[in-house]
Amino acid sequence: MTIEELRDATGAPLQLGPRLGRGGEGSVHRVVNRQGVAAKVYLSPMPAERARKIELLSAMSDDALDQYIARPRGLVFDSRRTPRGLLLPVVEDGADAHKLYSPVDRRREFPKATWEFLVHVATNVARAFAAVHATGLVVGDINAGSVLVRQDGTVRLIDVDSFQVPVPGGRPLLCTVAVPDFLPEELIGRRLDEVVRTRNHDAFGLAVLLFHLLLLGRHPHAGRYSGSGDMPIAQAIKEHRFAFGRNAARYGMERPRGTVSMSAFSPAVSELFERAFAPHEGQMRPSAEEWVTALSQLRSSLTICGRRASHHYFKGLLTCPWCEIEGTSTLVLFGDGTPQTKSTPTKPSVSLHDDFRSLTDLFKAMRAPAMAAAPGPPAPPRPSQASERSGRVRRASLVAAVLGTITVLSGLMAEGSTGLLISTLGVMLTGTASRARWKAGRVVHAAYRTAVRQHREAAVEFNRLEQHPQWAAASTSLHALMREWNELPRWRERRLGELRSQRMDAELRTQLQKRMIRPGLVRGVGAARVSTLAAHNIRTAWDVNRQRIEQIRGFGTTTADQLVAWRREVERVARSKTAIPLPPEVLRATEDEVTRRRKDILRRFRSGLTSATAARSVDASSLKAARDLLVTRQVELAQAEADAKKALGKLPAS
């Protein structure tokens, strides 16, 4: 087939120019006689279902969606009007997302890219998926080659013809292809031409794609496996072996050397990754909108390394994680490795206050776990066949007991050995009936008591877990740290006050020790009395003490009062003249202590925030399990009650 044979839907010829790319299905060419348009030409005739998909996509009109995807603009036909391809917009200056992964490709394609740029791109990828999902489309075939990134960090999703497209009133047109490393556990090994994809399936592939971007090409399930043999990624996905997650060790995994841990992200982003790669079990993974919010917050919470201007990292960290990686290898992750200098413009360093405010904002944004409503009463069950048999036995036994009693009475009325025989038979019949009645009710009674006890225990445990004990404990701890942080300014003032008081006391003592007691200084205290005071080690204003003076022979209360009054006046004057500031080294030491305490609170708060995040998940999981058990116990109790009423005619005492 020649180029001249290709036409658009109106029959106008298409002039194909340079090839822009090639894939397994065909090649993409720029259309010379259409500005900004390319043609994807398939190697073989297009299936009818694919052609229908292109028609539906071409008919869509959504400017917001077209910002993020290279939506088809119509079919390409050969001379026999057979669909052979599609028209689509050209994405200028776009590079595959995987070009951001390796430092070599990144320096060549995106020489100015920093980790902040990667977070920016990841946010835009999440926005693109949100726009796609808002229209009912499903991406399906998620991979780094289907995302084009421009120099400004904006993105366009390509290969849109492989999307799953809804059909009004009918079954959607499916996406039948996939890259295995981006498939969620529930789709691995299934025939994709029979599976209707969902946004929740996309959510897994999106999380993998974002992980690739933020972890510089690392796959979340590719790590060091502690077991024997290899651990293929597909198997690791099915077995939930998230190598970077908090449960990695439990699954026998460890993140590769030379990689950052999940602490490099904000707690909100880390928690979304934990949710995305947790066991599926029908749970919803983080949506694209959730990723947009968390990644936007992460980008606004970045700071610049003091050693490398090209290193951006989460300001909740005490050190730059990229410097740590570069310090153990010859790899330059971002930029050209030029150290930070005074002439290099940088952001101002973020204060500890901003760090703490950022963390507390994250904590305040964390919603308490949702309260789970207690299950309602189950539908009344039918009594079991065993209870119906027990009821019949008890009723028959009651009749037999009555007959036995009548027989005993009849025997008592008869005379001689005949009456004795009749009474004996009556007693035996009554005893046998009583034992049968007791035996028939014993099992039902025991089952009822067990059901009541187990239901009570399940209800108590549900009520306990309904208070979210682990979250409550973690939250209380974080609130205590917030109070401790807020108390630090008052602690500083108290500490400085103590130091000033100590310095004042020392200076005051010096001044008082300089004021000697001299004859005539105080009325009634001449040279003789000065000598007497000196003999008792009272020579200066500092030494004056009422109790010591009154113990000296010949010194009465009046003289003691005069000496004490003199000392107070000397002290008053000394205090008014003693306003010595604390030395700079003392002030620095105090500020260093405050900083040390702030860092310690920050460290504990960051750890507590991680614990609180985990506690929310644990409490939610435990509460769900407790609620499920309570539902089971309610059903069992209802069955036991129905059986007891049927077999015993009433509910026994529990």
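Refer to the structure printed above.
Parameters and conventions
- Residues numbered from 1 in each chain as written.
- Predicted model: local features only at pLDDT ≥ 70, side-chain atom pairs only at ≥ 80, totals over all residues.
- Heavy atoms only, no water.
- Helix = DSSP H or I, 4+ residues; strand = E, 2+ residues; numbered from the N terminus.
- Buried < 20%, exposed > 50% of the residue type's maximum accessible area, 1.4 Å probe, protein only.
- Areas by Shrake-Rupley, 256 points an atom, 1.4 Å probe, with all protein chains shown as cover.
- Pairing = 2+ DSSP bridges.
- Expected span 1.5 Å × (residues − 1).
- Disulfide = S-S within 2.5 Å.
- Contact = heavy atoms within 4.5 Å.
- Axes fitted to C-alpha atoms, helices over the stretch in contact; angles between N-to-C directions.
- Phe/Tyr/Trp six-rings, centres within 6.5 Å; stacked < 30°, edge-to-face > 60°.
- Parallel < 35°, antiparallel > 145°, perpendicular 65-115°, else oblique.
- Left-handed = near helix turned anticlockwise from the far one by under 90°.
- Nonpolar A, V, L, I, M, F, W, Y, C, P; charged D, E, K, R; others polar.

**Structural notes on the overall build of the protein**
In terms of helices and strands, the protein carries 17 helices and 14 strands. Looking at the protein as a whole, 45% of its 654 residues qualify as buried. Summed over its atoms, the accessible surface of the protein is roughly 34,300 Å², and 54% of this surface lies on carbon and sulfur atoms.

**Here's the deal with the pairing of strand β3 (residues 37-42)**
Most of β3 sits inside the fold, with 6 of its 6 residues counted as buried. Side chains Val37, Ala39 and Val41 of β3 all project onto a buried face; the interleaved residues Ala38, Lys40 and Tyr42 project onto the opposite face, where all are buried too. Once strand β2 (residues 26-31) ends, the chain turns through 5 residues before running back antiparallel as β3, passing Gly36 with a positive phi of about 70°. Two strands pair when backbone bridges link them, and β3 and strand β5 (residues 83-89) are joined in this way by 5 bridges, in the antiparallel orientation. Each residue of the ladder has a partner; that of Val37, found in β5, is Pro89.

**Let's talk about helix α5 (residues 199-214)**
Relative to the 22 Å expected for 16 residues at 1.5 Å per residue, α5 spans 22 Å between its end C-alpha atoms, a close match to the ideal helical length. Most of α5 sits inside the fold, with 15 of its 16 residues counted as buried. Note on α5: the residue one or two positions beyond its end, Leu216, has a positive phi of about 60°.

**Remarks on unusual backbone geometry**
With phi around 60°, Leu216 is a residue other than glycine that occupies positive phi space. Along the chain, the position of Leu216 falls in the loop between α5 and β11 (224-225).

**What about the state of the cysteines?**
Going through the model one piece at a time under the given rule, you end up with 0 disulfides. Between Cys305, a free cysteine, and Cys323, which holds the nearest cysteine sulfur, the sulfur-to-sulfur gap is 3.5 Å.

**Overview of the sheet that holds strand β8 (residues 155-157)**
Strand pairing in a sheet relies on backbone hydrogen bonds, with the paired strands running either antiparallel or parallel. As summarised here, the arrangement of the 3 strands in space is β6-β7-β8, forming an open sheet in which the pairing is antiparallel. The open sheet has two free edges, formed respectively by β6 (95-96) and β8, since each of these has just one partner strand. Examined bridge by bridge, strand β7 (residues 147-149) and β8 share 3 bridges and lie antiparallel to one another. When the sheet's bridge partners are listed, Val149 is paired in β8 with Val155. Across the sheet, helix α4 (residues 115-134) is in contact with β7 and β8; its angle to β8 comes to roughly 40°.

**Some words on the sheet that holds β2**
An order of β1-β2-β3-β5-β4 is seen for the 5 strands of this open sheet, with the pairing classed as antiparallel. Only two strands of the sheet have a single neighbouring strand rather than two, namely β1 (16-22) and β4 (74-77). With strand direction ignored, the average angle separating the axes of adjacent strands in the sheet is 35°. With 5 bridges connecting them, β2 and β3 associate as antiparallel partners. Counted as the bridge partner of Val28 is Lys40 from β3. Taken strand by strand, helix α1 (residues 48-59) contacts β3, β4 and β5, and its axis lies near 140° from that of β4.

**Quick look at the packing of aromatic side chains**
Counted according to the given criterion, the structure contains 13 aromatic pairs. With 5.0 Å between their ring centres and 70° between their planes, Phe211 and Phe244 make a pair best called edge-to-face. With Phe211 in helix α5 and Phe244 in the loop between α6 (233-238) and β12 (253-254), this residue pair connects regions lying 33 residues apart in the sequence. Looking at Phe211, the relative accessible area reads 0%, which means it is buried. Among the residues examined, Phe244 registers a relative accessible area of 6% and is labelled buried.

**Digging into the packing of α4 against α5**
Remark: α4 packs on α5, axes separated minimally by 9 Å, with the N-to-C direction vectors making an angle of 165°. Compared by their axis directions, α4 and α5 come out roughly antiparallel. Judged by the sense of rotation from one axis to the other, the crossing of α4 with α5 is right-handed. Between α4 and α5, the contacting residues are Trp115, Leu118, Val119, Val121, Ala122, Val125, Ala126, Phe129 and His133 on the first element and Arg199, Asp202, Leu206, Leu209, Leu210, Leu213 and Leu214 on the second. The class makeup of the residues in the contact of α4 with α5 is 13 nonpolar, 1 polar and 2 charged.

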